[in-house]
Structure formats: structure tokens, C-alpha cells
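Given next are the chains, with one letter for each unit.
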Amino acid sequence: MEVVIVPDAKAGGELIAESIAALWRRKPDALLGVATGSTPLPIYDALTAKVAAGAVDVSRARVCQLDEYVGLPVGHPESYRATVIRQVVEPLGLGADSFIGPDGSAADVQAACEAYDRALSSAGGVDLQILGIGTDGHIGFNEPCSSLASRTRIKTLTEQTRVDNARFFDDDIEQVPHHVITQGIGTILEARHLVLLATGEGKAEAVAATVEGPVASVVPASALQLHPHATVVVDEAAASKLKLAHYFRHTYANKPTWQGL
Ligand code: PGA
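Please read these numbers as outputs of a predicted model, since none were measured by experiment.

1. Comments concerning the sheet that holds strand 8 (residues 179-182)
Taken in spatial order, the three strands line up as 4-8-7 in an open sheet, and their pairing is antiparallel. The sheet is open, and its two edges are formed by strand 4 (67-69) and strand 7 (153-156), each paired on a single side. The sheet shows a mean angle of 30 degrees between the axes of neighbouring strands, direction not considered. Sheet topology note: the strand 4/strand 8 ladder contains three bridges and is antiparallel. When the bridges of strand 8 are listed, Glu 68 appears paired with Ile 181.

Dropping the structure here:
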């Protein structure tokens, strides 16, 4: 695992956006796995600026979702489908058929989960998966004690995650769905390159457990230790509980060997 400590969220967004641009330059139809939440927004801003500047051609680029709420009405602005369209697909000018995600409104949710795993495989697999991390160590919506071998499936959100996400629902936890579809940890580990971005002190403990703790389902993000090409990009605040911060700074600062080239 490579741990890159950056000064702030903007620098993290820029670094990851450049890695994605480099991927699309060498593989124009690469499948980018996108995450929602506040953390990845600097990535999308930086990527949008690169596209607007003509620094990368996205005419064949493809994106896919990591997770989705179950039971929100189709088109609900806080559904992750609508969020990804608003934050990624439209700003980058991608076509509607360049984007795949699980169907959170399906009558048979389990069948929708299995269909999504098949869709990811038939799309050739995810080339680069962007990940955030929950304060409880989740990736996607794989909450603590998710099987490290799990596939895309329905999950019940913890109270902590519903509290964390209430800000997207008028600060009203009652509006936050209880159930979600998430790529499983086993599914996520099939992506060719995992890039986790964490910013802010609130993530420091989860980051330390992910990077320096044992691999354990109680910290789902620790599964990144099992992946042959995982990169963790953290700002100073999110790095503040890393015992090896000094070592990471010397090893990876200004040596972006991780960019997937
Ligand atoms: P956040 O969410 O970026 O909004 O903090 C991260 C996550 O829950 O994965």
C-alpha cells in the first residue's frame, strides 16, 4: 500500500485527477469507479477543469457507481445515481450510456445486486476505483464486520453512517434510508487500482486502523492491504494518527510512483 500525504484536500484531488487523466490517456475507454460523499468532490473539480482545458479526451471514458440507496424514489436528488450524474457525468460531458450503476429501486434487490456484479464483469472490470472512508472504517457501504469476500449485496446502514449522511437529507436522520446496495469488499478488490482519499481529522482514526492495523472485517477499509495496487491519499489532518507518517512522507512525497503508469 502506498500512502501519500498531501497538504490539503485540493492537492489530493489534483493528484488523483491527474492519475485518472493519465489512465484515460493511455486507455481511453477505461472504467472509472466513482464514489459519492464530500471527500471526492475536489477530484471531480480537478478532473472537470482538465477536461475543460482539453488536457484529456473523455469521449470514450466510462464510469460506474460504488453503491446506492435502496428505496428512494427514482430520480431522487440524493440517490447516488442522480448524485453521480450531477457531480461527474454532466460536468465531464459523458454520454448517458457511459455510466452504469446498481438499480436501487428494483423490486428484487438481490437480483439487481447480482446483475450489477455481472455488468461490471462484462464491462471488463473497474480500472481505477475511487474510495472514501467512513468514520467507522467502511468503504462503499460495507459497514464494520462486512465479509472481506463479499459481493455486491444489500446492507443495513449503521446508526453512525445514517447520522453522518443526514446532512444530505435536511439534517433529518429519519429521511436517511436504512438499506443500501454496495459493491462487496471482494468486488471492490477486483478493481485494478484502488485509490482511497481521506481528508480531515474526523478520518484520522479510521485511516490509522486501515493502514497500520491488522486486516480485519471490523475495519472494512483494511482490506486494501490485500490489494496489489492500493493507494491511500491523505491530508495532514487525516494522517495525524499514523505512527509511520514520517516514513510515508520520505518514501512517497514527490515520488508519485503510484499513478498507475
Ligand atoms: P464523506 O463519506 O466523504 O462524505 O466523508 C465518505 C464515506 O462514507 O465513504
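2. Comments concerning the site of the ligand
In the neighbourhood of the ligand, the contacting residues comprise Gly 37, Ser 38, Thr 39, Gly 132, Ile 133, Gly 134, His 138, Arg 167 and Lys 203. A distance of 2.9 Å is found between an oxygen atom of the ligand and a backbone nitrogen or oxygen belonging to Ser 38. Contact distances for the ligand include 2.7 Å between an oxygen atom and a side-chain N or O atom of Arg 167. If the ligand stood free it would expose 280 Å²; the protein chains cover 82% of that surface.

3. A closer look at the side chain of Thr 83
As for its position among the elements, Thr 83 is in helix 3 (residues 80-92). Looking at Thr 83, the relative accessible area reads 5%, which means it is buried.

4. Describing the packing of aromatic side chains
Taken as a whole and assessed by the stated rule, the structure comprises five aromatic pairs. Centre to centre, the rings of Tyr 80 and Phe 141 are 5.8 Å apart; their planes meet at 15 degrees, and the pair counts as stacked. Of this pair, Tyr 80 sits in helix 3 while Phe 141 sits in the loop between strand 6 (128-131) and strand 7, and the two are 61 residues apart along the sequence. Neither residue differs from the other here; Tyr 80 and Phe 141 are each classed as buried. Here the aromatic residues Tyr 69, Tyr 80, Phe 141 and Phe 169 are joined through ring pairs into a cluster of three or more.

5. Some thoughts on the pattern of salt bridges
Counted under the stated rule, the structure contains 10 salt bridges. Across the salt bridge formed by Arg 192 and Asp 127, the nearest N and O atoms sit 2.9 Å from each other. With a gap of 65 residues between them, Arg 192 in the loop between helix 6 (185-188) and strand 9 (193-198) and Asp 127 in the loop between helix 4 (109-122) and strand 6 connect regions that are remote in the sequence. Taking relative accessible area as the criterion, Asp 127 reaches 7% and is therefore assigned buried. A salt bridge links Arg 249 to Glu 236; the nearest nitrogen and oxygen atoms lie 2.6 Å apart. Note that Arg 249 is positioned in helix 8 (residues 245-252) and Glu 236 in the loop between strand 10 (230-235) and helix 8, a separation of 13 residues in sequence.

6. Here we look at the environment of Lys 243
Locating Lys 243 in the fold gives a position in the loop between strand 10 and helix 8. Using a relative accessible area of 76% as the deciding quantity, one classes Lys 243 as exposed. Placed 32 residues apart in sequence, Lys 243 and Val 211 show a C-alpha to C-alpha distance of 9.9 Å.

7. Notes on the environment of Ala 209
Residue placement: Ala 209 occurs in helix 7 (residues 204-212). Overall, Ala 209 belongs to the partly exposed group, its relative accessible area being 27%. Measuring from C-alpha to C-alpha, the distance between Ala 209 and Gly 137 comes to 7.9 Å, with 72 residues separating the pair along the chain.

8. A short note on the pairing of strand 9
Within a regular beta strand, the side chains point alternately toward one face of the sheet and then the other, so they alternate between its two faces. With respect to burial, strand 9 is a largely interior element, six of its six residues being buried. With burial as the criterion, each face of strand 9 is covered, one bearing His 193, Val 195 and Leu 197 and the other bearing Leu 194, Leu 196 and Ala 198. Here four bridges tie strand 6 to strand 9, and the two strands are oriented parallel to one another. Paired with Ile 130 across the strands is Val 195, a residue of strand 9. The pairing of strand 9 with strand 10 spans five bridges and is parallel. Across the sheet, Leu 196 pairs through a bridge with Val 232, a residue of strand 10. You can see the chain leave strand 9, run along helix 7 and come back into strand 10, and the turn it takes is right-handed.

Parameters and conventions
- Residues numbered from 1 in each chain as written.
- Predicted model: local features only at pLDDT ≥ 70, side-chain atom pairs only at ≥ 80, totals over all residues.
- Heavy atoms only, no water.
- Pairing = 2+ DSSP bridges.
- Helix = DSSP H or I, 4+ residues; strand = E, 2+ residues; numbered from the N terminus.
- Axes fitted to C-alpha atoms, helices over the stretch in contact; angles between N-to-C directions.
- Near = heavy atom within 4 Å.
- Polar contact = N/O pair within 3.5 Å; in protein donor to acceptor, adjacent residues only side chain to side chain.
- Areas by Shrake-Rupley, 256 points an atom, 1.4 Å probe, with all protein chains shown as cover.
- Buried < 20%, exposed > 50% of the residue type's maximum accessible area, 1.4 Å probe, protein only.
- Phe/Tyr/Trp six-rings, centres within 6.5 Å; stacked < 30°, edge-to-face > 60°.
- Salt bridge = Lys/Arg side-chain N within 4 Å of Asp/Glu carboxyl O.
- Right-handed = clockwise from strand over helix to strand, strands pointing away.

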